[in-house]
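What follows is each chain in one-letter form.
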Amino acid sequence: MITKIPNSNYQKNKCSFDIRGDKRNHFLPGNLFIGLCAALPITLALPVEALQVQVNPKNPRLGDTVSVVINLDNPDNTNNPTVSVGEKTYPAFEVAPNKYRAFIPTTPLEKPGTRKIRVFGDGQVQELSVPVATRKFPVQRITLPPGKSADGATEYELNRVAAFKALQTSQKYWNGPFLRPNTGRLSTLYGVRRYYNGKFANDYYHRGLDYAGAAGSRVVAPAAGKVALVGRVAQGFRVHGNVVGIDHGQGVVSIFMHLSRINVKEGDLVKAGQLIGAVGSTGASTGPHLHWGLYVNGQSIDPTSWKNKTFE
């Protein structure tokens, strides 16, 4: 029979054996050890890092959305991982078996510099440093006629819009890059700082993209989602005007302001490219245009990158 040699020197070599006969031991020559080791299946307990994290883009700028993708090796994991930056925690949603993704928004009101990201999952913690570069945003002067003041929002309007922007539905509706919601010329970029009637708006930046579409021109959903907000001037939406909000899922929502017509109702499921309304000048608006705002986990981010690439 074949047994291990009870000698500590041989025990260090898992492929050391002796052959015991009736009267004496016969040790296998060294070259036979090699042959036996090659023939025997050996499983090595290699260390495996269960928490694998990828961050994109690698070098974001203010206004960009930072995507944190987490792969877990534990198939029995029952708790979603969490992602935090400082005191803020962002939800991670499952996008594939044992694969999760969290979005970290950045805005023009933040300071550039390194973000310390902490990822918790599978009982492990991983810390990453992501540099967020600065970005110049232009300044614009707006003169609003009487009755069009940006400070005239009603409490009902503000509460409805705030609740909409805070949505973090677990279901993901969108798929692929976002479409432009109107064919008009892009008239105002994201992040513009503004003076209204000569007064600088502190803590304000243009939270979206403006399209100078003709009055009555089509407004379509940039991505699939569920209509979660429909508001009208008659209901007290003095600043937003006639407005539609689409929940794309997992903390991503779109808002469309100043509409002349609304073609959907709350609870409707819409597809990318589906008609939702028409360009107008309702609310705090100086002329016909569409304002499209895209929010991630409650913060207004630049929709441009969502049109140019696919976020999981």
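The structure displayed is predicted, hence computed values, not measured ones.

1. Digging into the overall build of the protein
Working step 1: Assigned secondary structure in the protein consists of 4 helices and 25 strands.
Working step 2: Every one of the 312 residues in the protein was classed for burial, and the buried ones make up 45%.
Working step 3: In the protein, of all internal contacts separated by at least 6 residues, the share reaching a separation of at least 24 is 65%.
Working step 4: Of the roughly 16600 Å² of accessible surface on the protein, 52% is carried by carbon and sulfur atoms.

2. Observations concerning the sheet that holds strand β14 (residues 193-196)
Working step 1: Spatially, 3 strands are ordered β12-β14-β15 in an open sheet, and the strand pairing comes out mixed. The outermost strands of the open sheet, each flanked by one partner alone, are β12 (139-142) and β15 (199-200).
Working step 2: By the bridge criterion, 4 bridges tie β12 to β14 in an arrangement that is parallel. Its bridge partner being in β14, Val139 is matched across the sheet by Arg193.

3. Thoughts on the environment of Asp268
Working step 1: Within the secondary structure, Asp268 is located in the loop between β21 (261-262) and β22 (269-270).
Working step 2: A sequence separation of 40 residues divides Asp268 from Ala228, and the C-alpha atoms of the two residues are 8.1 Å apart.
Working step 3: Residues contacting Asp268, with those up to four places away along its chain left out, are Gly225, Lys226 and Val227.
Working step 4: Within the local environment of Asp268, its side chain forms a polar contact with the backbone nitrogen of Lys265, the two atoms lying 3.0 Å apart.

4. Looking at the sheet that holds strand β4 (residues 51-56)
Within a beta sheet, neighbouring strands are joined by backbone hydrogen bonds and run either parallel or antiparallel to one another.
Working step 1: An order of β4-β5-β9-β8 is seen for the 4 strands of this open sheet, with the pairing classed as antiparallel. Since the sheet does not close on itself, it has two edges, and those belong to β4 and β8 (93-96), each with one partner. Mean inter-strand twist for the sheet, computed between neighbouring axes without regard to direction, equals 30 degrees.
Working step 2: When β4 meets strand β5 (residues 65-72), the two strands line up antiparallel, connected through 6 bridges. Its bridge partner being in β5, Val53 is matched across the sheet by Ile70.

5. Looking at helix α3 (residues 155-165)
Working step 1: Residues of α3 that are buried: Glu157, Val161, Phe164 and Lys165. Projected down its long axis, α3 shows its buried positions confined to an angular sector of 95 degrees, all on one face.
Working step 2: The elements touched by buried residues of α3 are β18 (225-231), β19 (242-249), β20 (252-259) and β24 (290-296).

6. Some points on the nonpolar core
Working step 1: If you look at the biggest cluster of nonpolar residues, it comprises 32 residues, and the most contacted ones within it are Phe178, Val244, Val252, Ile276 and Trp306.
Working step 2: Elements supplying a minimum of two residues to this core: β16 (209-212), β18, β19, β20 and β24.
Working step 3: Among the elements that take part in this core, β24 stands out by supplying 4 residues, more than any other.
Working step 4: Once residues within four sequence positions are removed from consideration, Ile276 is found in contact with Val219, Val220, Ala221, Val244, Ile246, Phe256, Arg261, Ile262, Asn263, Val264 and Val270.
Working step 5: Formed by 18 residues, the second largest nonpolar core is a distinct cluster that contains Val66, Val68, Ala92 and Ile117.

7. As for the environment of Glu127
Working step 1: As for its position among the elements, Glu127 is in strand β11 (residues 124-132).
Working step 2: Considered as a pair, Glu127 and Ile117 are 10 residues apart in the sequence and their alpha carbons are 5.6 Å apart.
Working step 3: Those residues in contact with Glu127 that sit more than four places away from it in its chain are Ile117 and Arg118.

8. Some thoughts on the side chain of Thr107
Working step 1: Relative to the helices and strands, Thr107 is located in the loop between β9 (99-105) and β10 (113-121).
Working step 2: Excluding anything up to four places from it in sequence, Thr107 contacts Leu62, Gly63, Tyr190, Tyr205, Gln299 and Ser300.

9. Some remarks on the confidence of the model for the protein
Working step 1: Put simply, the protein has an average pLDDT of 85, and 81% of its residues get 70 or more.
Working step 2: Contacts for the low-pLDDT stretch residues 30-48, under 50 throughout, to residues beyond four places or in other chains number 10 contacts.

10. Topic: the environment of Ala96
Working step 1: Assignment of secondary structure puts Ala96 in strand β8.
Working step 2: Taking relative accessible area as the criterion, Ala96 reaches 27% and is therefore assigned partly exposed.
Working step 3: It is 9.8 Å that separates the C-alpha atoms of Ala96 and Glu312, two residues lying 216 residues apart in sequence.

11. Thoughts on empty space enclosed by the protein
Working step 1: The full count for this structure, using the stated rule, is 2 cavities of 30 Å³ or more.
Working step 2: Each pocket or cavity is described by its volume, and for the second largest cavity that value is around 30 Å³.
Working step 3: Considering the residues around the second largest cavity, the lining is formed by Val66, Val85, Ile104, Arg115, Ile117, Val130 and Val132.
Working step 4: For the lining of the second largest cavity, the elements supplying multiple residues, two or more each, are β10 and β11.

12. A few points about the pattern of salt bridges
Working step 1: Counted according to the given criterion, the structure contains 7 salt bridges.
Working step 2: The salt bridge involving Glu312 is made with Lys99; its shortest N-O contact spans 3.1 Å. Separated by 213 residues along the polypeptide, Glu312 in the segment after α4 (304-308) and Lys99 in strand β9 bring together distant segments of the chain.
Working step 3: With relative accessibility at 23%, the residue Lys99 sits in the partly exposed group.
Working step 4: In this structure, Asp210 engages Arg194 in a salt bridge whose closest nitrogen and oxygen atoms are separated by 3.8 Å. Highlighted residues: Asp210 in strand β16 and Arg194 in strand β14, separated in sequence by 16 residues.

Cut-off values and rules
- Residues numbered from 1 in each chain as written.
- Predicted model: local features only at pLDDT ≥ 70, side-chain atom pairs only at ≥ 80, totals over all residues.
- Heavy atoms only, no water.
- Helix = DSSP H or I, 4+ residues; strand = E, 2+ residues; numbered from the N terminus.
- Buried < 20%, exposed > 50% of the residue type's maximum accessible area, 1.4 Å probe, protein only.
- Contact = heavy atoms within 4.5 Å.
- Areas by Shrake-Rupley, 256 points an atom, 1.4 Å probe, with all protein chains shown as cover.
- Pairing = 2+ DSSP bridges.
- Polar contact = N/O pair within 3.5 Å; in protein donor to acceptor, adjacent residues only side chain to side chain.
- Axes fitted to C-alpha atoms, helices over the stretch in contact; angles between N-to-C directions.
- Arc of directions from axis to C-beta.
- Core = buried A, V, L, I, M, F, W, Y, C linked by side-chain atoms within 4.5 Å.
- pLDDT = per-residue confidence, 0-100.
- 1 Å grid on protein atoms, 1.4 Å probe; cavity = no way out; pocket = protein on both sides within 12 Å on 5 of 7 lines; lining within 4 Å.
- Points joined across faces, edges and corners; volume = space filled by probe spheres on them.
- Salt bridge = Lys/Arg side-chain N within 4 Å of Asp/Glu carboxyl O.

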